[in-house]
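Architecture at a glance
Take a look at the letters that make up each chain.
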Amino acid sequence: MNKNVIAISACALLLTGCGAQESSVQEMQYIKSAVTYETIQDMYANPDNYLGKTFHIVGTLYPATDDEGEKFYSVYAKETQGDEGIGIELDWNDYTGLEDYDKITVEGTLERTSGTHDGQKIEYLILRVSMLEKRDQ
């Protein structure tokens, strides 16, 4: 076998190994406050571009109630030039020290989950939270 072919094969193997290792490291995606509304809209429109990635988001802690009457929260952002808003449900257990509509910083991984809404089984996006804290206004 040619020495050049062996050298090229060894380099290709090393590059493949390094690439796989680098892609397994999860990099935090910081969403700028000025584009939070638009980014969340795009998450719903193009979820495959965002699923499995970790995000740092500043928004409003927005309360809602599910079909069974249970309260849940979303990180919520308003449209820059309007009154519309949009949010992503949070998967987090401890809201101690927080009040509805507090300004928050949240970090977590975006995933897809399923549930029921108006008696219909649906899939929706959820942020699996790793950190959530109240911000000064």
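Structure: see above.
A brief look at the structure comes next.

Cut-offs used in this document
Residues numbered from 1 in each chain as written. Predicted model: local features only at pLDDT ≥ 70, side-chain atom pairs only at ≥ 80, totals over all residues. Heavy atoms only, no water. Patch = residues over 30% accessible without salt bridge, like charges linked within 9 Å, V, L, I, M, F, W, Y side chains within 5 Å. Areas by Shrake-Rupley, 256 points an atom, 1.4 Å probe, with all protein chains shown as cover. Salt bridge = Lys/Arg side-chain N within 4 Å of Asp/Glu carboxyl O. Lys, Arg positive; Asp, Glu negative; His and termini not counted. Charge placed at Lys NZ, Arg CZ, Asp CG, Glu CD. Helix = DSSP H or I, 4+ residues; strand = E, 2+ residues; numbered from the N terminus. 1 Å grid on protein atoms, 1.4 Å probe; cavity = no way out; pocket = protein on both sides within 12 Å on 5 of 7 lines; lining within 4 Å. Points joined across faces, edges and corners; volume = space filled by probe spheres on them. Nonpolar A, V, L, I, M, F, W, Y, C, P; charged D, E, K, R; others polar. Core = buried A, V, L, I, M, F, W, Y, C linked by side-chain atoms within 4.5 Å. Buried < 20%, exposed > 50% of the residue type's maximum accessible area, 1.4 Å probe, protein only. Contact = heavy atoms within 4.5 Å. Phe/Tyr/Trp six-rings, centres within 6.5 Å; stacked < 30°, edge-to-face > 60°.

1. So, a negative patch on the surface
Negative charge collects at one region of the surface, where Asp67, Glu68, Glu70 and Asp118 lie side by side. Along the chain, Glu70 turns up in the loop between strand S2 (54–65) and strand S3 (71–78).

2. Things to note about unusual backbone geometry
Phi angles above zero are rare outside glycine, and Tyr101 is one such case at about 75°. Looking at the element boundaries, Tyr101 is found in the loop between strand S4 (85–91) and strand S5 (103–117).

3. Examining the layout of surface pockets
Approximately 380 Å³ is the volume found for the largest pocket. What lines the largest pocket is a set of 16 residues, and nearest its centre among them are Asp66, Phe72, Glu89, Thr116 and Tyr124. When contributions to the lining of the largest pocket are tallied by element, the ones reaching two or more residues are S3, S4, S5 and strand S6 (120–134). By residue class, the composition of the lining of the largest pocket is six nonpolar, six polar and four charged.

4. Re the nonpolar core
Counting residues in each nonpolar core, the largest one holds 23 residues, and the members touching the most others are Met43, Leu90, Ile104, Val106, Leu110 and Leu132. Breaking this core down by element, the ones donating at least two residues are helix H2 (36–45), S2, S3, S4, S5 and S6. Here this core gets four residues from one element, more than from any other, and that element is S6. When sequence neighbours within four positions are dropped, the list of residues in contact with Leu110 reads Met43, Tyr50, Leu51, Gly52, Lys53, Phe55, Ile88, Leu125, Ile126 and Leu127.

5. Digging into the environment of Leu90
Turning to its location among the elements, Leu90 is positioned in strand S4. Judged by relative accessible area, which is 4%, Leu90 ranks as buried. Counting along the chain gives 16 residues from Leu90 to Val106, while the straight-line C-alpha distance between them is 9.0 Å. Once residues within four sequence positions are removed from consideration, Leu90 is found in contact with Leu61, Tyr73, Ser74, Val75, Tyr95, Ile104, Val106, Ile126, Leu127, Val129 and Leu132.

6. Here we look at the packing of aromatic side chains
In this description, an aromatic ring pair is defined by two values, namely the gap between the centres and the angle between the planes. The tally for this structure, following the rule as stated, stands at four aromatic pairs. A ring pair is formed by Tyr62 and Tyr76, whose centres lie 4.4 Å apart and whose planes are at 15°; its orientation type is stacked. Of the two residues, Tyr62 sits in strand S2 while Tyr76 sits in strand S3, which places them 14 residues apart along the sequence. For Tyr62, a relative accessible area of 32% translates into the label partly exposed. Take Tyr76: its relative accessible area is 17%, and that puts it in the buried class. With centroids separated by 4.5 Å and ring planes inclined at 40°, the aromatic side chains of Tyr73 and Tyr95 adopt a geometry described as tilted. Placement of the pair is Tyr73 in strand S3 and Tyr95 in the loop between S4 and S5, with a sequence separation of 22 residues.

7. Describing the pattern of salt bridges
Under the criterion given, the structure shown has six salt bridges. For Asp48, the salt bridge goes to Arg112, with nearest N and O atoms at 3.9 Å. On the criterion of sequence distance, the pair formed by Asp48 in the loop between H2 and S2 and Arg112 in strand S5 is long-range, its members being 64 residues apart. Here Arg128 and Asp91 are joined by a salt bridge, their closest N and O atoms 2.7 Å apart.

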